[in-house]
Amino acid sequence: MHYVPRILVTGGAGFIGSFLCERLLDTGAEVLCVDNFFTGRRTNVAHLLDNPRFEVMRHDVTVPLFVEVDQIYNMACPASPVHYQFDPVQTTKTSVHGAINMLGLAKRTRAKILQASTSEVYGDPEIHPQTEDYWGNVNPLGPRACYDEGKRCAETLFFDYYRQHKVQIKVARIFNTYGPRMHPNDGRVVSNFIVQALKGEDITLYGDGEQTRSFCYVSDLVDGLVRLMNTGDDVTGPINLGNPGEFTIRQLAEKIIEMTGARSKLVHKPLPQDDPRQRQPDITRARETLDWAPTIALEEGLRPTIAYFEEEVRAMLG
Ligand code: NAD
Ligand code: UDP
Ligand code: UDP
């Protein structure tokens, strides 16, 4: 009989996690989605519940978990600055204790384990675009540190379990990703701007809006994650996954206004402390190792994202 792999996705009810669960089910795998529903939503995976190969479990990864699996995608962690700064101690615990528990699980079950790391490990980068060998420029004391240092420590744990316990690890450094199923109150720039535009509210540019980000559509990102998981044992990463198309935040606002036909004005709000000035992935390593590159340009990805938020805003306004 054909062997059906059992795959654990922590944070599986979140934005990226829910698309990942869907993609893995399409490959015929059994998928166990573990989530504490801090920022994730049951509705993100509601359409998968009828699938007998899919299971959802409410669980916090800071607590040990005993299940039998072949692969682990460790996606659990709030990703938006507003949410990860809401309870910063819990954010660090999620990254650090969560990594220890999931690595302990991987060690016992001999499962392969992939960590959803982040471009935030580069902090406010002094080199541009960012390559994987750059060590980063992170303020360990600032309001973003709970996330940045938590993720950095998780990477350290992954590499120590690899060296010390021979756990098969894969570390992906994910750059800004967007798409449908982002939480409308998530506070991140793409969701904020689209919701503001659709409601006809002012668009809030933090600072002068000249800081840059590079936005990857969620299906491209999920494709990169699955390719990375399926590499040979010699590939550990870290590997940058993101779309190199770089835009200023002002350009993003203007594009969203144009695409939604909104009459919103741009207004300035203070720039949050330690907000990175520029960010763009160098994806040479992903191209060479995974034969992967994003295929969806910003405008193309914004279309279905705007359509999704139109529904959300309609529901919000009743
Ligand atoms: P998200 O907030 O939508 O998803 C995170 C999920 O993790 C949510 O479902 C949340 O409820 C769950 N979660 C949080 N703490 C948990 C805990 N202690 N135990 C169990 N579940 C927990 O965010 P996302 O954008 O889908 O991000 C997914 C992962 O990718 C995160 O690890 C994030 O750091 C990483 N990442 C995302 C981006 C991005 O731009 N979206 C960029 C870099 C890294
Ligand atoms: N762990 C877990 N599930 C498992 C195996 C381990 O949650 O199937 C947890 C375990 O409780 C421990 C952590 O993972 O807190 C690290 O496990 P490891 O075996 O590396 O360390 P130890 O148990 O020796 O501290
Ligand atoms: N930003 C903004 N207005 C908003 C939300 C965010 O100008 O309403 C800016 C923010 O200051 C940052 C960029 O957009 O420079 C991306 O912010 P986000 O929170 O999406 O993610 P980050 O990459 O900073 O983690």
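Heads up: the structure comes first, above all this text.
Thresholds applied
Residues numbered from 1 in each chain as written. Chains lettered and ligands numbered in written order. Predicted model: local features only at pLDDT ≥ 70, side-chain atom pairs only at ≥ 80, totals over all residues. Heavy atoms only, no water. Core = buried A, V, L, I, M, F, W, Y, C linked by side-chain atoms within 4.5 Å. Buried < 20%, exposed > 50% of the residue type's maximum accessible area, 1.4 Å probe, protein only. Contact = heavy atoms within 4.5 Å. Helix = DSSP H or I, 4+ residues; strand = E, 2+ residues; numbered from the N terminus. Near = heavy atom within 4 Å. Polar contact = N/O pair within 3.5 Å; in protein donor to acceptor, adjacent residues only side chain to side chain. Areas by Shrake-Rupley, 256 points an atom, 1.4 Å probe, with all protein chains shown as cover. Nonpolar A, V, L, I, M, F, W, Y, C, P; charged D, E, K, R; others polar.

Caption draft 1: Looking closely at the nonpolar core. In this structure, Val 9, Tyr 73, Met 75, Leu 225, Leu 241 and Leu 302 are the most contacted members of the largest nonpolar core, which totals 62 residues. Setting aside residues no more than four positions away along its own chain, Tyr 73 makes contact with Ile 7, Leu 8, Val 9, Thr 10, Leu 20, Leu 24, Leu 114, Leu 225, Val 226 and Met 229. Judged by nonpolar contacts, the second largest core, of 25 residues, contains Leu 32, Ala 76, Leu 103 and Leu 157.

Caption draft 2: Molecular detail of the side chain of His 59. Position of His 59 relative to the elements: it lies in the loop between strand S3 (54–58) and strand S4 (71–74). Residue His 59 is classed as buried on the basis of its relative accessible area of 14%. Contacts of His 59, omitting those with residues within four sequence positions, involve Val 34, Asp 35, Asn 36, Pro 64 and Leu 65.

Caption draft 3: Looking closely at the site of ligand 2. Lining the immediate surroundings of ligand 2 are Pro 64, Leu 65, Phe 66, Ile 100, Asn 101, Gly 104, Leu 105, Lys 107, Arg 108 and Tyr 161. A distance of 2.9 Å separates an oxygen atom of ligand 2 from a polar atom in the side chain of Lys 107. For ligand 2, the protein covers 64% of the area, taking 510 Å² as the surface of the free molecule. Considering each element in turn, the shell around ligand 2 owes the most residues, six residues, to helix H3 (residues 88–109). Its residues assigned to classes, the shell around ligand 2 shows six nonpolar, two polar and two charged.

Caption draft 4: Focus on the site of ligand 3. Val 189, Thr 204, Arg 213, Asp 275 and Arg 279 are the nearest of the 18 residues found near ligand 3. In the model, a nitrogen atom of ligand 3 is placed 2.6 Å from a nitrogen or oxygen of the Thr 204 main chain. Computed on the free molecule, ligand 3 has an accessible area of 520 Å², of which 95% lies beneath the protein chains in the complex. When contributions to the shell around ligand 3 are tallied by element, the ones reaching two or more residues are helix H5 (189–199) and strand S8 (203–206). Tallied by class, the residues present in the shell around ligand 3 amount to seven nonpolar, five polar and six charged.

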